[in-house]
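Report on the structure
The primary structure of each chain is shown beneath.
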Amino acid sequence: MRLKNVPGSREEIEASPYAMTEPEEYRGRWQSVFPEARPLHVEIGMGKGQFLTEMARAHPDINYLGIEKFSSVLVRAVQKQEALALPNLRLIRMDAEDLLSVFAEGEVDRIYLNFSDPWPKDRHAKRRLTSENFLRRYDVILAKEGRLEFKTDNRELFDFSLESIRDHGWQLLAVTYDLHHSELAEGNIRTEYEERFSALGHPICKLICAR
C-alpha cells in the first residue's frame, strides 16, 4: 500500500516534546523521559497510535513507547498525544532494525506487534517482525521475564510466526485464532486495522510468548 505524503509531518514530529528525535541518546535510560520509573512497554509499528494511546490511558502505571518508521503516519499519533498530554507515553520515529542501538539489554518489559507488514514474498521473510532476524533483537532488549504479544488477521503470517517463535526456542504462553471470541478478549484494546478487519468478518489471531 502506497503511503500518502503529509507535508510538514517530519517537522511537526521534531517540534513535539513527546517525540524523541534522537532516541539513541536515551539507550539504557529511557525511564528518565517519564515522570516516574515504571515498567516499559514498546509497540513496534504503532501506526496512527490508537492502540498505544488507549493502553496508556487505561494503564497509567506503565510507561509506553511507540515506534513508527513513517513520519506521515506517526504525525497522527503525535497530534493525538499533543491533545491528551499523557505523561506515560512517548513516541519515536525509527526503523525497527535499529532497536539494539536504541534500547539496552533487558530494558524493555513488553513488546507489542500489531498487524505488522506480512512481507508475503519468501525472499522478504527476514523483514517480518516475527522472523528470527528480529527475535534475536527482542531477545537482547527484553527483560528476563519480558513478553512479546502479536496480533494479526493474516493467517499465513501468524502460522509463520508460530513456527519462527518455536524454532527460536521461545515459549508460547497463549495462542488463539479468534481473539474476539476467546478468553484473551478480556481487556483487549483494538487497533485501527483490527476494527477494520473485524468489521469485514476476519478473525483476529493473537499469541503471547516469552523466553
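Residues numbered from 1 in each chain as written. Predicted model: local features only at pLDDT ≥ 70, side-chain atom pairs only at ≥ 80, totals over all residues. Heavy atoms only, no water.

Turning our eyes to something else, we now look at the packing of aromatic side chains. Applying the stated rule across the entire model yields 8 aromatic pairs. A ring pair is formed by Phe115 and Phe197, whose centres lie 6.0 Å apart and whose planes are at 40°; its orientation type is tilted. With Phe115 in the loop between strand E4 (108-114) and helix H5 (132-141) and Phe197 in helix H7 (residues 192-199), this residue pair connects regions lying 82 residues apart in the sequence. The class of Phe115 is buried, set by a relative accessible area of 10%. Arg128 extends its terminal NZ or CZ atom over the ring of Phe160, reaching a point 4.5 Å from the ring centre. Between the NZ or CZ atom of Arg137 and the centre of the ring of Phe134, over which it lies, the distance is 4.9 Å. (Phe/Tyr/Trp six-rings, centres within 6.5 Å; stacked < 30°, edge-to-face > 60°. Helix = DSSP H or I, 4+ residues; strand = E, 2+ residues; numbered from the N terminus. Buried < 20%, exposed > 50% of the residue type's maximum accessible area, 1.4 Å probe, protein only. Lys NZ or Arg CZ within 6 Å of the ring centre and 35° of its normal.)

With that settled, consider the pairing of strand E3 (residues 89-93). With respect to burial, E3 is a largely interior element, 4 of its 5 residues being buried. Direction of pairing for strand E2 (residues 63-68) relative to E3: parallel, over a ladder of 5 bridges. The residue of E3 that forms the bridge with Leu65 is Arg90. Crossover E2 to E3 through helix H3 (residues 71-84) is right-handed. (Pairing = 2+ DSSP bridges. Right-handed = clockwise from strand over helix to strand, strands pointing away.)

In this section: a positive patch on the surface. There is a patch of like positive charges on the surface, built from Lys121, Arg123, Lys126 and Arg127. One can find Lys121 in the loop between E4 and H5. (Patch = residues over 30% accessible without salt bridge, like charges linked within 9 Å, V, L, I, M, F, W, Y side chains within 5 Å. Areas by Shrake-Rupley, 256 points an atom, 1.4 Å probe, with all protein chains shown as cover. Salt bridge = Lys/Arg side-chain N within 4 Å of Asp/Glu carboxyl O. Lys, Arg positive; Asp, Glu negative; His and termini not counted. Charge placed at Lys NZ, Arg CZ, Asp CG, Glu CD.)

This paragraph deals with the sheet that holds E3. One open sheet accounts for 7 strands, arranged E3-E2-E1-E4-E5-E7-E6; its pairing is mixed. Looking along the sheet, the strands with just one partner apiece sit at the ends: E3 and strand E6 (171-176). Direction aside, neighbouring strands of the sheet carry axes that sit 15° apart on average. Sheet analysis places strand E1 (residues 40-44) next to E4, joined by 4 bridges and oriented parallel. Along E4, the bridge assignment pairs His41 with Arg110. Relative to the sheet, helix H6 (residues 155-167) contacts strand E5 (142-152), E6 and strand E7 (205-210), its axis offset from that of E7 by approximately 15°. (Axes fitted to C-alpha atoms, helices over the stretch in contact; angles between N-to-C directions. Contact = heavy atoms within 4.5 Å.)

Moving on, we get to H3. Spanning 14 residues, H3 covers 20 Å between terminal C-alpha atoms, matching the ideal 20 Å at 1.5 Å per step. Within H3, burial applies to Ser71, Ser72, Val73, Leu74, Val75, Ala77, Val78 and Gln81. For H3, the elements touching its buried residues are helix H1 (9-15), E2 and E3. Ala85 occupies a position one or two residues after H3 and carries a positive phi of about 55°. (Expected span 1.5 Å × (residues − 1).)

What follows is about the side chain of Thr176. Residue placement: Thr176 occurs in strand E6. Within the local environment of Thr176, its side chain forms a polar contact with the backbone nitrogen of Asp178, the two atoms lying 3.1 Å apart. In contact with Thr176, not counting residues within four places along its chain, are Phe158, Ser182, Leu184, Ile204, Cys205 and Lys206. (Polar contact = N/O pair within 3.5 Å; in protein donor to acceptor, adjacent residues only side chain to side chain.)

As a further point, take the nonpolar core. Judged by nonpolar contacts, the single largest core of 34 residues is most densely connected at Trp30, Ile44, Phe103, Ile111 and Tyr138. Contact partners of Phe103, with chain neighbours within four places excluded, come to Arg27, Trp30, Leu40, Val42, Leu65, Ile67, Ile92, Val108 and Ile141. In terms of nonpolar packing, the next biggest core, distinct from the first, is built from 19 residues, Phe51, Ala77, Leu86 and Leu91 among them. (Core = buried A, V, L, I, M, F, W, Y, C linked by side-chain atoms within 4.5 Å.)

So, on to the pattern of salt bridges. What the rule picks out here adds up to 10 salt bridges. One salt bridge in this structure joins Asp95 and Lys69, with 3.4 Å as the shortest N-O distance. Linking Asp95 in the loop between E3 and helix H4 (99-102) with Lys69 in the loop between E2 and H3, this pair joins segments that are 26 residues apart in sequence. Overall, the relative accessible area of 24% leaves Asp95 in the partly exposed class. On the basis of relative accessibility, which here comes to 44%, the residue Lys69 falls in the partly exposed class. A single salt-bridge network, built from bridges that share partners, covers Arg110, Glu149 and Lys206.

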